[in-house]
Number of protein chains: 2
Amino acid sequence: DIVHEAEDYFSFQSLAGKRVLVTAGPTKEALDPIRFFSNHSSGKMGAAIAEAAYRAGAEVILITGAKLNVDPGITTIEVVTALDMHREVLNWYPGVDAVIKAAAVADYRPARISRSKIKKTDESMTITMVRNPDILKELGEKKQHQLLIGFAAETDHLDDYAVQKLEKKHLDMLVANHAADGFGGDTNKVTFYYADGKKQTFDTMPKQQIGTRICNALASLFETSETK
Amino acid sequence: DIVHEAEDYFSFQSLAGKRVLVTAGPTKEALDPIRFFSNHSSGKMGAAIAEAAYRAGAEVILITGAKLNVDPGITTIEVVTALDMHREVLNWYPGVDAVIKAAAVADYRPARISRSKIKKTDESMTITMVRNPDILKELGEKKQHQLLIGFAAETDHLDDYAVQKLEKKHLDMLVANHAADGFGGDTNKVTFYYADGKKQTFDTMPKQQIGTRICNALASLFETSETK
């Protein structure tokens with residue numbers, strides 16, 4: 001349709017020949033067969049990025065914790081938990097040229113998953129949560145040729161945190177937003193932070209448009225890294 | 001369409017003049033602005049019941065923790081937490097003739113909701129959960145003219161638990177299913193338990209059809225209670 005054609009004009013085949021891994025959505029961390037921990041990620045941002053990368057000519061692998069309707073040309077893998085996401089991402093990592101990690105992976109999971117429904121009592125209940133693997137950190141450490149784009153959704157001190165995360169996790173670029181702006185909706189207000197210290201701030205845009213901007217930025221990062 | 005007409009034939013205006021409150025979906029219990037506790041309820045069963053009751057001529061109020069697309073003639077109220085659900089249900093209760101409580105309301109919520117995103121550490125984390133109000137129990141205690149239909153989704157000892165719950169919560173009928181059969185899907189395998197000890201077992205059916213059966217059962221319960 002017309003919108004897609006216009007977007008294609010700006011990013012026309014700019015990612016041709018590239019294999020791009022995109023992650024999307026929340027993870028769900030079971031407490032028992034019925035109850036789980038999760039977060040408000042809808043997967044819409046990741047889906048928009050995957051579609052934009054696909055339109056820009058990339059081979060796209062989308063690993064998602066949300067049910068998403070994307071172009072059937074995109075290889076889509078549905079996962080539930082952070083451990084699933086970790087396994088799939090690490091498995092695909094060596095063979096891809098870039099990772100755009102838009103998923104909101106749970107930092108913690110219940111220490112124990114009950115196989116039967118936990119019966120309620122009149123008392124309060126204590127749940128011990130353990131850390132999930134930090135996938136992005138691991139990708140940064142194992143980085144070879146890959147370009148890495150991370151995300152940060154924070155409620156406070158966004159700017160400081162974004163700069164720190166970019167550096168600590170060896171990212172090429174970080175997309176930051178205030179949690180209240182992005183989760184669940186069709187638009188977001190983002191800032192791009194680059195490894196060279198550059199920073200780009202955008203007004204609120206539809207997630208489709210942000211997806212295209214991210215893919216254009218990725219194409220530029222590929223150009224820069226190839227001319228080094 | 002044809003399916004709806006066929007279903008209408010069996011339940012034709014059987015709930016005309018009745019005001020029926022239906023609850024649906026999960027609740028979400030925030031830990032911070034991003035993370036929450038929830039469960040696998042999709043709201044599809046509650047939506048099917050609401051539609052069936054509406055087609056049977058009832059005035060229907062649907063209170064839901066899931067985003068559902070139902071007939072615009074149904075008064076739909078979206079809620080997030082168990083406390084929201086509690087407030088809305090109790091508010092509508094005195095003015096309705098029946099409540100069909102298909103929602104999977106969280107039994108627990110985090111004792112404290114953090115106003116900012118809780119930063120992850122390398123350590124494990126303990127979450128204290130407190131009990132949410134038992135809405136169905138409260139409805140049973142405050143029961144006047146209303147008919148009450150509850151649900152039980154269990155992983156173990158379903159039959160025993162269903163009979164106990166029916167009695168303890170002063171229900172007129174209880175719809176029981178194994179957790180693995182119902183959550184998320186478009187079909188379910190249910191058993192109806194009645195206050196008089198009667199029990200009806202069904203094969204796996206589409207949730208639409210179960211909705212119609214529940215509304216037919218409700219119409220019979222109204223007839224019985226009015227001829228007493």
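Scroll up to find the structure this text is about.
Residues numbered from 1 in each chain as written. Chains lettered and ligands numbered in written order. Predicted model: local features only at pLDDT ≥ 70, side-chain atom pairs only at ≥ 80, totals over all residues. Heavy atoms only, no water.

1. Structural notes on the interface of chain A and chain B
Taken residue by residue, the interface counts 36 residues in chain A and 36 residues in chain B. Contact between chain A and chain B buries roughly 3400 Å² in total, counting both sides, with carbon and sulfur atoms accounting for 55%. Aspartate 122 of chain A is the partner of arginine 131 of chain B in a salt bridge, and the nearest nitrogen-oxygen pair spans 3.9 Å. Taken together, the connections running from chain A to chain B amount to 23 residue pairs in polar contact (both at pLDDT 80 or more). Taken together, the elements giving at least two residues each to the side of chain A that touches chain B come down to β3 (35-39), β8 (125-131) and β9 (147-154) of chain A. The element best represented in the side of chain A that touches chain B is β8 of chain A, accounting for seven residues. Looking at chain direction, β8 of chain A and strand β8 (residues 125-131) of chain B are connected through five bridges and run antiparallel. Bridging from a neighbouring strand, isoleucine 127 of chain A pairs with isoleucine 127 of chain B of β8 of chain B. (Contact = heavy atoms within 4.5 Å. Buried area = accessible area lost by both parts, 1.4 Å probe. Salt bridge = Lys/Arg side-chain N within 4 Å of Asp/Glu carboxyl O. Polar contact = N/O pair within 3.5 Å; in protein donor to acceptor, adjacent residues only side chain to side chain. Helix = DSSP H or I, 4+ residues; strand = E, 2+ residues; numbered from the N terminus. Pairing = 2+ DSSP bridges.)

2. Comments concerning the pairing of strand β12 (residues 190-194) of chain B
All names here are of chain B. Burial runs high along β12: five of the five residues are buried. The alternating pattern of β12 places Val190, Phe192 and Tyr194 on one face and Thr191 and Tyr193 on the opposite face, and all of these are buried. Here five bridges tie strand β10 (residues 173-178) to β12, and the two strands are oriented antiparallel to one another. From the neighbouring strand, methionine 173 faces β12, where its bridge partner is tyrosine 194. Between β12 and the antiparallel strand that follows it, strand β13 (residues 199-201), lie four residues; glycine 197 among them carries a positive phi value of about 95 degrees. (Buried < 20%, exposed > 50% of the residue type's maximum accessible area, 1.4 Å probe, protein only.)

3. Describing the sheet that holds strand β2 (residues 29-30) of chain B
With antiparallel pairing, four strands are arranged side by side in an open sheet as β2(A)-β3(A)-β3(B)-β2(B). Both outer strands of the open sheet, β2 (29-30) of chain A together with β2 of chain B, are each paired with one neighbouring strand and no more. Of the strand pairs in this sheet, β2 of chain A and β3 of chain A are connected by two bridges, and their pairing is antiparallel. From the neighbouring strand, alanine 30 of chain A faces β3 of chain A, where its bridge partner is phenylalanine 36 of chain A.

4. A closer look at the pattern of salt bridges
Throughout the structure, instances matching the rule amount to 32 salt bridges over all chains. Between glutamate 226 of chain A and lysine 18 of chain A there is a salt bridge whose closest N-O contact spans 2.5 Å. Remark: lysine 18 of chain A occurs in the loop between α1 (2-11) and β1 (19-24) and glutamate 226 of chain A occurs in helix α7 (residues 207-227); sequence separation between them is 208 residues. Connected through shared salt-bridge partners, Asp32, Arg35 and Lys120 of chain A together with Asp107 of chain B make up one network.

5. Side note on the relation of the copies chain A and chain B
Once turned by 180 degrees and shifted 0.0 Å along the axis, chain A lies on chain B with an RMSD of 0.0 Å. Here the transformation between the copies is reduced to the relation of a two-fold axis. It is phenylalanine 37 of chain A whose C-alpha, among those of chain A, lies nearest the rotation axis, at 2.3 Å. Here 100% of the interface residues in chain A have copies in chain B that are interface residues too; the copies meet face to matching face. (Least-squares fit on C-alpha atoms with pLDDT ≥ 70 in both.)

6. Digging into the environment of arginine 131 of chain A
Structurally, arginine 131 of chain A can be placed in strand β8. A residue is classified by how much of its surface remains accessible, and arginine 131 of chain A, at 18% relative accessible area, is buried. Non-local contacts of arginine 131 of chain A, meaning those with residues more than four positions away in its chain, are made with Asp107, Tyr108 and Arg109 of chain A together with Lys120, Thr121, Asp122 and Glu123 of chain B.

7. Looking at the packing of helix α2 (residues 44-55) of chain B against helix α7 (residues 207-227) of chain B
All names here are of chain B. Contact geometry for α2 and α7: axes closest at 8 Å, N-to-C directions at 50 degrees. Of the possible angle classes, the one that applies to α2 and α7 is oblique. Pair α2 / α7 crosses with right-handed handedness. Each of Lys44, Met45, Ala48, Ile49, Ala52, Ala53 and Arg55 in α2 lies in contact with α7, whose residues at this interface are Lys207, Gln208, Ile210, Gly211, Thr212, Ile214 and Cys215. By residue class, the composition of the contact of α2 with α7 is eight nonpolar, three polar and three charged. (Axes fitted to C-alpha atoms, helices over the stretch in contact; angles between N-to-C directions. Parallel < 35°, antiparallel > 145°, perpendicular 65-115°, else oblique. Left-handed = near helix turned anticlockwise from the far one by under 90°. Nonpolar A, V, L, I, M, F, W, Y, C, P; charged D, E, K, R; others polar.)

8. Section: the environment of glutamine 164 of chain B
Residue placement: glutamine 164 of chain B occurs in helix α5 (residues 158-168). In the structure, glutamine 164 of chain B is positioned 21 residues away from glycine 185 of chain B in sequence and 27 Å away in space, judged by C-alpha atoms.

9. Describing the side chain of lysine 18 of chain B
In this structure lysine 18 of chain B comes out as buried when scored by relative accessible area, which is 18%. For lysine 18 of chain B, the contacting residues outside a window of four places in its chain are Ala58, Glu59, Asp97, Phe222 and Glu226 of chain B.

10. Comments concerning the sheet that holds strand β7 (residues 108-110) of chain A
Read across the open sheet, the four strands follow the order β7(A)-β8(A)-β8(B)-β7(B); overall the sheet is antiparallel. A single partner strand is all that each edge strand has here, and the edge strands are β7 of chain A together with β7 (108-110) of chain B. Adjacent strand axes in the sheet meet at a mean angle of 40 degrees, parallel and antiparallel pairs treated alike.

11. Examining α7 of chain B
The end-to-end C-alpha distance of α7 of chain B is 30 Å, a good match for the 30 Å that 21 residues give at a rise of 1.5 Å each. Buried residues of α7 of chain B: Lys207, Ile210, Gly211, Thr212, Ile214, Cys215, Ala217, Leu218, Ala219, Leu221 and Phe222 of chain B, and no others. (Expected span 1.5 Å × (residues − 1).)

12. Quick look at the pairing of strand β4 (residues 59-64) of chain A
Residues and elements named next belong to chain A. In terms of burial, β4 is largely enclosed, as five of its six residues are buried. In the sheet, β1 pairs with β4 via six bridges, with the strands oriented parallel. From the neighbouring strand, valine 20 faces β4, where its bridge partner is valine 60. Two strands pair when backbone bridges link them, and β4 and strand β5 (residues 75-78) are joined in this way by four bridges, in the parallel orientation. By the bridge assignment for β5, threonine 64 is matched with glutamate 78.

Just geometry here; none of it tells us what the structure is for.
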